[in-house]
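One letter stands for each residue in the lines below.
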Amino acid sequence: QVQLVESGGGLVQAGGSLRLSCAASGRTLSYYSRAMGWFRQAPGKEREFVATISPNGGSTTYAETVKGRFTISRDNAKKTVYLQMNSLKPEDTAVYYCAAKGLLTSVRSSEYDYWGQGTQVTVSS
């Protein structure tokens with residue numbers, strides 16, 4: 001079992017930056033063999049993929065809407081995955097969720113086994 005706790009959300013003006021963190025606890029021995037992902041859900045919309053990273057951090061994939069602005073990274077020694085968000089836009093406003101799955105990265109939320117509680121990101125215009 002892996003527990004995930006997100007932090008770092010908040011209110012920021014358009015063009016600003018935030019860094020989200022997701023700390024893993026519980027049976028974290030399995031953390032080192034898990035791909036991690038970030039998803040988001042805006043009010044009235046379905047949850048959507050943002051970014052994913054392989055267990056060793058060597059492979060990353062981004063949604064087209066965030067490519068070039070967001071960076072996913074992980075520190076396996078700290079059992080933490082990050083999402084650096086730059087040049088934020090009002091349309092980035094959403095609850096951001098961290099998720100863990102098996103070995104291979106995926107853009108599909110249905111393939112993720114563990115989810116955090118989410119952290120709110122609000123971008124004002």
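Bear in mind that the values here come from a model prediction, so they are computed numbers and not experimental data.

Peer 1: Could you clarify how one ought to interpret the state of the cysteines in this entry?
Peer 2: Working definition of a disulfide: a covalent bond connecting the sulfur atoms of two cysteines. Per the counting criterion, the structure on display carries one disulfide. A disulfide bridge connects cysteine 22 with cysteine 98, and the sulfur atoms are separated by 2.0 Å. The chirality of the disulfide connecting cysteine 22 with cysteine 98 is left-handed, given an S-S dihedral of about -75°. Residue cysteine 22 is located in strand β3 (residues 18-26), and its partner cysteine 98 is located in strand β9 (residues 94-100); the two are separated by 76 residues in the primary sequence.

Peer 1: Just to check I follow, could you spell out the pairing of strand β7 (residues 70-75) for this structure?
Peer 2: A regular strand places its side chains so that they alternate between the two faces of the sheet. Where burial is concerned, the two faces of β7 differ: the one with Phe70, Ile72 and Arg74 is buried and the one with Thr71, Ser73 and Asp75 is not. Judged from the six bridges that link them, β7 and strand β8 (residues 80-85) form a sheet pairing that is antiparallel. Among the inter-strand pairings, isoleucine 72 is bridged to a residue of β8, identified as leucine 83. Connecting the antiparallel pair β7 and β8 is a turn made up of four residues, with lysine 79 showing a positive phi of about 55°.

Analysis parameters
- Residues numbered from 1 in each chain as written.
- Predicted model: local features only at pLDDT ≥ 70, side-chain atom pairs only at ≥ 80, totals over all residues.
- Heavy atoms only, no water.
- Disulfide = S-S within 2.5 Å.
- Helix = DSSP H or I, 4+ residues; strand = E, 2+ residues; numbered from the N terminus.
- Buried < 20%, exposed > 50% of the residue type's maximum accessible area, 1.4 Å probe, protein only.
- Pairing = 2+ DSSP bridges.

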